[in-house]
Amino acid sequence: MTDSGFSFLDPMRDLRGGAYLRLLDAMPVMLWTADAGGHWNHVNRHWAAYTGLVGETRGFGFEEALHPEDYPPTLLRWREAVRSGRDYEIEYRLRGREGGYRWFLIRGVQVRGELEEEMAWVGTCTDIEVQKRAEQDLLATREAALRALALTLEVRDRETSSHTERVTLLATQLGTALGLSPEVLGHLRLGASLHDLGKVAVPGRILHKSGPLTREERQEMQRHSAEGERLATALEFVPAAALQLVRHHHEHWNGGGYPDGLGGEAIPYLARLFAVVDVYDALLSERPYKVAWTREQALTELALQAGRQLDPHMVEVFTRLVQEEVRPA
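Sequence order sets the numbering: in each chain, residues are counted from 1 along the sequence as written. pLDDT decides what is reported in this predicted model: residues at 70 or higher carry local features, side-chain atom pairs at 80 or more are listed and counted, and totals for whole chains, interfaces and linings draw on all residues regardless. Here the side-chain values reflect all heavy atoms present in the structure, with hydrogen atoms and water set aside.

Novice: How would you sum up the overall build of the chain? Please name residues and give values.
Specialist: Summing up its helical and strand segments, the chain has 14 helices and five strands in all. Each residue's exposure class comes from its accessible area (1.4 Å probe, protein chains only) as a fraction of the maximum for that residue type: buried when under 20%, exposed when over 50%, partly exposed otherwise. Per-residue burial for the chain yields a buried fraction of 44% across its 329 residues. Contacts in the chain between residues far apart in sequence, at least 24 positions, make up 53% of those at least 6 positions apart. For the chain, the computed accessible surface area is about 17600 Å², with 54% contributed by carbon and sulfur atoms. Here a strand is any run of E in DSSP of at least two residues, a helix any run of H or I of at least four, and the numbering for each starts at the N terminus. Throughout, a contact is declared for two residues whenever any of their heavy atoms are within 4.5 Å. The Shrake-Rupley method, run with a 1.4 Å probe, gives the accessible areas here. Residue values count only the displayed protein chains as cover.

Novice: Any details on the environment of tryptophan 47? Residues and values, ideally.
Specialist: When you line up the elements, tryptophan 47 lands in helix α3 (residues 45-51). For tryptophan 47, a relative accessible area of 2% gives the class buried. Separated by 18 residues in the primary sequence, tryptophan 47 and valine 29 place their C-alpha atoms 7.8 Å from one another.

Novice: Provide a residue-level description of the pairing of strand β4 (residues 101-112), including the pertinent values.
Specialist: Should DSSP find at least two bridges between two strands, the strands are regarded as paired. Relative to β4, strand β3 (residues 88-95) runs antiparallel, the two being bridged by eight bridges. By the bridge assignment, tyrosine 88 is partnered in β4 with glycine 108. Between the antiparallel neighbours β3 and β4 lie five residues, among them glycine 99 with a positive phi of about 105°.

Novice: For the packing of aromatic side chains, give the residues involved together with the corresponding values.
Specialist: Any pair of Phe, Tyr and Trp rings, taking the six-membered ring for Trp, is counted once the centres come within 6.5 Å. Such a pair is stacked with planes under 30 degrees apart, edge-to-face with planes over 60 apart, and tilted for the rest. On inspection of all chains with the given rule, the structure shows twelve aromatic pairs. With a centroid separation of 5.1 Å and 65° between ring planes, the pair formed by tyrosine 50 and phenylalanine 104 is classed as edge-to-face. Taken together, the residues span a long stretch of sequence, with tyrosine 50 in helix α3 and phenylalanine 104 in strand β4 at a distance of 54 residues. The same class applies to tyrosine 50 as to phenylalanine 104, namely buried.

Novice: Let's hear about helix α13 (residues 295-305): which residues, and what values?
Specialist: Along α13, the positions that sit buried rather than exposed are Ala298, Leu299, Leu302 and Gln305. One side of α13 carries all its buried residues, which in axial view fall inside an arc of 120°. Of the exposed residues in α13, those oriented more than 90 degrees away from the buried face are Glu296 and Ala303. Phi for glycine 307, located one or two positions after α13, is positive at around 85°. Summarising the geometry, the arc corresponds to the directions from the helix axis toward the C-beta atoms.

Novice: So what about the pattern of salt bridges? Which residues, and what values?
Specialist: The rule for a salt bridge is simple: a side-chain nitrogen of Lys or Arg has to be within 4 Å of a carboxyl oxygen of Asp or Glu. Applying the stated criterion to the full structure yields 16 salt bridges. Between arginine 93 and aspartate 70 there is a salt bridge, and its shortest N-O distance comes to 2.8 Å. Residue arginine 93 is found in strand β3, and its partner aspartate 70 is found in the loop between α3 and α4 (71-84); the two are separated by 23 residues along the sequence. Linking aspartate 311 and arginine 272 is a salt bridge whose minimum nitrogen-to-oxygen distance equals 2.7 Å. Residue aspartate 311 is found in the loop between α13 and α14 (312-326), and its partner arginine 272 is found in helix α12 (residues 269-284); the two are separated by 39 residues along the sequence. Residues aspartate 311 and arginine 272 agree in their burial class; the two are buried.

Novice: For the pairing of strand β1 (residues 30-34), give the residues involved together with the corresponding values.
Specialist: By the criterion of burial, β1 is predominantly enclosed, with five of the five residues buried. Across the two faces of β1 the burial is the same, with Met30, Trp32 and Ala34 and Leu31 and Thr33 all buried. Bridging between β1 and strand β2 (residues 40-43) involves three bridges; their strand directions are antiparallel. Opposite tryptophan 32, over in β2, you have valine 43 as the bridge partner.

Novice: Provide a residue-level description of the nonpolar core, including the pertinent values.
Specialist: Nonpolar cores are built from buried Ala, Val, Leu, Ile, Met, Phe, Trp, Tyr and Cys residues. Side-chain atoms within 4.5 Å join them into one set. Core analysis: the largest hydrophobic core is formed by 28 residues, its most contacted members being Leu188, Leu273, Val277, Tyr280, Leu302 and Phe318. Elements with a contribution of two residues or more to this core: α6 (163-177), α7 (182-194), α12, α13 and α14. Within the second largest apolar cluster, 23 residues are counted, among which are Trp40, Leu53, Leu66 and Val82.

Novice: Tell me about the packing of α12 against α13, and please be specific about residues and values.
Specialist: What describes two packed helices is the angle between their axes and the distance between those same axes. A fitted line through C-alpha atoms represents every axis, and for helices the fit uses only the stretch in contact; the resulting angles, taken between N-to-C directions, go from 0 to 180 degrees. Contact geometry of α12 with α13 gives a least axis separation of 9 Å together with a crossing angle of 140°. Taken together, α12 and α13 sit at an angle that is classed as oblique. Judged by the twist between their axes, the crossing of α12 over α13 is right-handed. Across the interface between the two elements, Val276, Val279, Tyr280, Leu283 and Leu284 from α12 touch Arg295, Ala298, Leu299, Glu301 and Leu302 from α13. An angle counts as roughly parallel when it lies under 35 degrees, as roughly antiparallel when it exceeds 145, as roughly perpendicular when it falls between 65 and 115, and as oblique in every other case. Less than a right angle of anticlockwise turn of the near helix away from the far helix marks a crossing as left-handed, whereas a clockwise turn marks it as right-handed.

Structure representation (structure tokens):
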């Protein structure tokens, strides 16, 4: 009993004794508890009723119900929460007993007992399917508008026809291989769709010049990344990560790129990722000033630029992705 007349449960004691578990089971939402190592040791009846999973499960306890695309980022996020001891929040899709998936917002918080080393997790699974579908519909509409804009730009920049479509697909595949969440993949696609937006301000005599550019013409061409960021910002709905990709996709790992001369991990993550696929597609494409390279020649060049122009880790993952795609069955 406290001075105010109220008494409180000890979370750890009552998890062991069952009072919390009975409370969790009675709640009309999906709830779970986990031990200090992050392994789920209890779900309430609403979670079990939705997923149809009861009894022993593999891993941490929730993986069997996860959508395959959400598996890598979810496990990464959960392991980091357990390692750092920080509260946890992520969106992912859970499979229902009928086989379909719905979006849930998962929040996990720590509870501690009187002994500091005693710790467990208690979490909620909130159905956000309606909100998520609305967000995805809006994003799809915006992406369609941006694809139309990109195609319009490519009519003007005749030598790179379908370049934006190809690099957007490649960037998405690389981002998936790197374990990016669906939300970040959406930012990546937006940035990829807009990466050459600034070329609308480049004079046609420079954009279509078949010979080498002069120093002044090269400087004019290089302004397109910063100009693209300015124009994309005016759209208002483009997230910061996508804007960073537009501005910084010509930065070099060794600091020799533009517009800001950033180097290494100071270059935004999505810009480093996109730079690899942008260079790769450019090498495979025929231009007035060059013939199209073979896949093997392009991969060799990426390896040479790893640690110079390009992020070595991104090059490694992308190279493996391309090689696995063409491997004989």
